[in-house]
Amino acid sequence: MRKTFVEKVFSNKSGKDVRAGAIVSVEPDYVMSHDNAAAISGTFKKIGVSRIKYPERVVIILDHEVPAPKESSAINHKEIRNFVKEQNIQNFFDINHGICHQIFTEQGFAMPGKLIVGSDSHTTTYGALGALSAGIGRSEVAAIWATGELWFSVPETIKIVINGIMPKYITPKDIALYIIGKIGSDGADYKAVEFSGDTINRMTVPERMVLSNMAAEMGAKCGYTPPDHNTFDYLRGRAKSEYESLYSDEDAVFSNIFKFNVEDVSPSVAKPHTVDNLASIKDVEGTKIDQALIGTCTNGRLEDLRAAAEVMEGKKVKVRTLIIPASRTVYKEAIKSGIIETLVDSGAIILNPGCGPCLGAHQGVMAPGEVTFSTANRNFKGRMGCRDAEIYLGSPVTVALAALTGEITDPRRES
Amino acid sequence: MNGKFEGKVWKYGDNINTDVIFPGKYTYQKMEPEEMAKHALEDLDPEFVSKVSEGDILVAGKNFGMGSSREQAAIAIKYAGINVIIARSFSRIYFRNAINAGMPAIIAPDAVDAIKEGDKVIVDMENGKIITPKGEFTFPSYPATVMNILKKGGLINFIKANI
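Each chain carries its own residue numbering, running from 1 in the written order of its sequence. As a convention, the first chain written is A and the first ligand written is 1, with the rest following in written order. Owing to the predicted nature of the model, reporting of local features is limited to residues with pLDDT of at least 70; listing and counting of side-chain atom pairs is limited to 80 or more, with chain, interface and lining totals taken over all residues. No hydrogens and no water enter the side-chain calculation; it runs on all heavy atoms of the structure.

## Considerations on the overall build of chain A
Inference 1: A run of DSSP states H or I qualifies as a helix once it reaches four residues; a run of E qualifies as a strand once it reaches two. Both are numbered from the N-terminal end. Check the secondary structure of chain A and you find 16 helices and 18 strands.
Inference 2: In summary, chain A has a C-alpha radius of gyration of 21 Å against a globular reference of 22 Å for 415 residues, a match within 12%.
Inference 3: Expressed along its principal axes, the backbone C-alpha trace of chain A runs to roughly 55 × 55 × 40 Å.
Inference 4: Going through the 415 residues of chain A one by one, you find that 65% of them count as buried.
Inference 5: Only heavy atoms matter for contacts: two residues are in contact if any of them lie within 4.5 Å across the pair. Pairs at least 24 residues apart make up 76% of the contacts formed inside chain A by residues separated by at least 6 positions.
Inference 6: Each accessible area value is a Shrake-Rupley result obtained with a 1.4 Å probe; residue values ignore everything except the protein chains displayed when judging cover. As presented, chain A carries roughly 14300 Å² of accessible surface, and 47% of it is formed by carbon and sulfur atoms.
Inference 7: For chain A, the distance from the average position of its 47 positive side-chain charges to the average position of its 50 negative side-chain charges is 2 Å. For a compact globule the rule gives 2.2 Å times the number of residues to the power 0.38, and the radius of gyration it is set against comes from C-alpha atoms. The cut-offs for exposure are 20% and 50% of the maximum accessible area for each residue type, with area from a 1.4 Å probe on protein chains only; residues under the lower value are buried, those over the upper are exposed, and the others partly exposed. Charged residues are defined narrowly, with Lys and Arg counted positive, Asp and Glu counted negative, and His plus the chain ends left uncounted. A single reference atom marks each charge: NZ on Lys, CZ on Arg, CG on Asp, CD on Glu.

The following block contains the structure:
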């Protein structure tokens, strides 16, 4: 007893009774990588092992530079396709699928109680399904491909309790930015985060994914939500295998407990150049923008596109507006429900599912002095490819509204 | 990794993120470590790569390396000549990437406060000591798993030796 969720996962995996502070060497259930699989395959070959130990645990999803913007990216993709064939990797998703975290979840790899790692910092996203999922480095992925296992330190857990009914125009993104602003970008460094409270209980899986995704921006190793009927409904007919839901004991020891009331949250904006540079929208209202970006692994799901379409319906955008559905499935549902037509009519550009401009590798690059208001998860200097440009972060609602007015605008004022 | 590092300090502030250490636009370009090193700290201090020398020591504030999981952010700094980083704290993935690249990431807040840019500093890994012009500071020794990876020069070499 008295164990946290992460202590239980690592105890199960290691076959020992481990607590926070222990170091264990264990076998993850899945290891995800994306366009960086090309570089990882190079490292893997240097180890001197010819075959991946557990190819069925390997998932590769191409999303960062899709379709290839330049010859070097095309060569990367080609090397990955060749490697996938050579190693007989079945869980391979080529450039026509979407963003890795969305695809991984849609395809049912993200399941309660599983230990999942990925060579991408936002691998924390699968915590929304009750998994222990953490970002790791490329060499670590190569090591798992070769040996099936990796070293982990068992982290302490911070509990974040969120209660209250979400006010109008407040989304999970506003809550995430608010919490990060309060606890700081290292508020959960090297810790597990466990979300709870009645607001979380009422959230759908896609809504919880926003919080678990943004847990990376608190420095967290994972962002776990205890699985419940919403989780089980989402996984029905989707889960790749059987799973066992794990929960922290009632008397588990948390290193810290933060309590928030969602009624205190106003539409939130992160100012340049850090995610914890929180502003209430009132303080940044009137900030002129040159580009609006709605999408990414944080806010590219159907709910996000619908929220944007509701704001933009029948109106025209004043600035360059880029929309990126998180996956082909999301894209198709957005077409069927008329969301895409609404967005196109307003003058927005629909980009193909993928990471797009978020990390400056592809599309939507800014010129010096320009400003993007984005639903992504990072606003670091140079992040979108230009070190003399600025990025503000907000929710799909506030970004869609700013696309229409050309400046950051409080949605509560417009209503 | 031998037991002691001695070098000149380059000092930076808090929350240095991976985008300013190694810009995202290079992340999916295939590069050898020596090429990565040419972009180390490019969007934080464009002069860094021209002024750093082999064996220098990087000192930083809290949450060094926050952000992306990109391993190049550790490898670029290592191949630019830095043997060891001392910080108030490290972001989780950066800490792992540094260790796995065979570059010690040392958490020593008191030493960070005492050290100035340009200082000559000695880091004694075996005894957990940092010797600065303002005196000696201690840091907790690494767990055996981590120490073994560092001794082999990083995770990949460690696995090669144990497979």
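Picking up where we left off.
## Some details on the interface of chain B and chain A
Inference 1: Contacts between the two partners involve 41 residues from chain B, matched on the other side by 48 residues from chain A.
Inference 2: Of the roughly 3700 Å² buried between chain B and chain A, counting both surfaces, carbon and sulfur atoms make up 55%.
Inference 3: Area buried by chain B at its contact with chain A is led by Tyr28, Arg92 and Arg96 of chain B, which between them contribute 25% of it.
Inference 4: We count a salt bridge whenever a side-chain nitrogen from Lys or Arg sits within 4 Å of a carboxyl oxygen from Asp or Glu. Where chain B touches chain A, the interface holds 4 salt bridges.
Inference 5: Note that arginine 387 of chain A and aspartate 43 of chain B form a salt bridge whose closest N and O atoms lie 3.9 Å from each other.
Inference 6: Definition of a polar contact: a pair of N or O atoms within 3.5 Å, with one able to donate and the other able to accept a hydrogen when the atoms are protein atoms, and with sequence-neighbouring residues admitted only if both atoms are side-chain atoms. Put simply, chain B and chain A have 17 residue pairs in polar contact (both at pLDDT 80 or more) between them.
Inference 7: Where the side of chain B that touches chain A is concerned, the elements lending two or more residues are α1 (18-21), α5 (92-100), α7 (144-151) and α8 (155-162) of chain B.
Inference 8: If you tally residues by element for the side of chain B that touches chain A, the top one is α5 of chain B, at 7 residues.
Inference 9: Grouping the amino acids of the side of chain B that touches chain A by side-chain chemistry returns 15 nonpolar, 15 polar and 11 charged. What counts as buried area is the accessible surface, traced by a 1.4 Å probe, that two parts surrender upon association, with contributions from both included. Under the grouping applied here, Gly and all other residues not named as nonpolar or charged are polar, the nonpolar ones being Ala, Val, Leu, Ile, Met, Phe, Trp, Tyr, Cys and Pro and the charged ones Asp, Glu, Lys and Arg.

## Points about the sheet that holds strand β9 (residues 192-196) of chain A
Residues and elements named next belong to chain A.
Inference 1: Taken together, the 4 strands give an open sheet; going across it, the order is β10-β9-β8-β11, and neighbouring strands pair in parallel fashion. Each of the sheet's edge strands pairs with one partner strand only, and the pair in question is β10 (222-224) and β11 (256-261). Recorded for the sheet is a direction-independent mean angle of 20° between the axes of neighbouring strands.
Inference 2: A pair of strands is labelled paired if DSSP reports no fewer than 2 bridges between them. In the sheet, strand β8 (residues 157-163) pairs with β9 via 5 bridges, with the strands oriented parallel. Only the stretch in contact is used when a helix axis is fitted, and all axes are lines through C-alpha atoms; the angle between N-to-C directions ranges over 0 to 180 degrees.

## Digging into the sheet that holds strand β4 (residues 91-93) of chain A
Residues and elements named next belong to chain A.
Inference 1: Reading across from one edge, β4-β3-β2-β5-β6 is the order of the 5 strands in this open sheet, with parallel pairing throughout. With partners counted over all chains shown, the strands left at the sheet margins are β4 and β6 (132-135), one partner each. Mean inter-strand twist for the sheet, computed between neighbouring axes without regard to direction, equals 15°.
Inference 2: Judged from the 4 bridges that link them, strand β5 (residues 115-118) and β6 form a sheet pairing that is parallel. Residue pairing across strands places valine 117 opposite alanine 134, the latter belonging to β6.

## So, the domain arrangement of chain A
Residues and elements named next belong to chain A.
Inference 1: According to the domain assignment, chain A contains domain 1 (5-13 + 21-260) and domain 2 (268-410).
Inference 2: In this document the domain limits rely on a domain assignment from an automatic tool or a database. Just the C-alpha atoms count here: the centres of domain 1 and domain 2 sit 24 Å apart.
Inference 3: Roughly 2800 Å² is buried in total at the junction of domain 1 and domain 2, and carbon and sulfur atoms are behind 58% of that figure.
Inference 4: Contact with domain 2 buries surface across domain 1, with Ile99, Lys173 and Leu177 losing the most and accounting together for 21% of the total.
Inference 5: Where domain 1 meets domain 2, there are 1 salt bridge.
Inference 6: The partner of glutamate 217 in a salt bridge is arginine 378, with the nearest N and O atoms 3.1 Å apart.

## A short note on the packing of aromatic side chains
Inference 1: Put simply, two rings from Phe, Tyr or Trp (the six-membered ring, in Trp's case) pair if the centres are within 6.5 Å, and we call them stacked under 30 degrees between planes, edge-to-face over 60, tilted for the rest. Inspection of the entire model under this criterion finds 19 aromatic pairs over all chains.
Inference 2: Chaining the aromatic ring pairs together yields one cluster made of Tyr190 of chain A together with Phe64, Phe90, Tyr94, Phe95 and Tyr142 of chain B.
Inference 3: Two conditions define a charge sitting above a ring: the NZ of Lys or the CZ of Arg must be within 6 Å of the ring centre, and it must be within 35 degrees of the ring normal. For arginine 57 of chain A, the ring lying beneath its charged end belongs to tyrosine 54 of chain A, and the centroid distance is 3.6 Å.
Inference 4: Over the aromatic face of phenylalanine 109 of chain A sits the side chain of lysine 240 of chain A, whose NZ or CZ is 5.1 Å from the ring centroid.

## Notes on the nonpolar core
Most often, soluble globular proteins have nonpolar side chains that are buried together.
Inference 1: In this structure, Trp145 of chain A together with Phe64, Ile77, Ile86 and Tyr94 of chain B are the most contacted members of the largest nonpolar core, which totals 102 residues.
Inference 2: If one sorts the elements of this core by residue count, helix α5 (residues 138-147) of chain A sits on top with 6 residues.
Inference 3: Residue contacts for tyrosine 94 of chain B: discarding those within four places in its chain leaves Thr18, Ile21, Phe64, Gly65, Ala73, Ala74, Ile77, Ile85 and Met103 of chain B. Here, the term nonpolar core denotes a set of buried Ala, Val, Leu, Ile, Met, Phe, Trp, Tyr and Cys residues that are joined through side-chain atoms within 4.5 Å.

## Description of the confidence of the model for chain B
Inference 1: Residue-level pLDDT values for chain B average 94, and 99% of them are 70 or greater.
Inference 2: Model confidence for the complex is summarised by a pTM of 0.94, with the ipTM given as 0.88. The predictor's confidence in any single residue is recorded as pLDDT, a number from 0 to 100.

## Here's the deal with the side chain of aspartate 19 of chain B
Residues and elements named next belong to chain B.
Inference 1: With respect to the element layout, aspartate 19 can be found in helix α1.
Inference 2: Of the residues examined, aspartate 19 reaches a relative accessible area of 1% and is grouped as buried.
Inference 3: One polar contact links aspartate 19 to arginine 70, side chain to side chain, over a distance of 3.3 Å.

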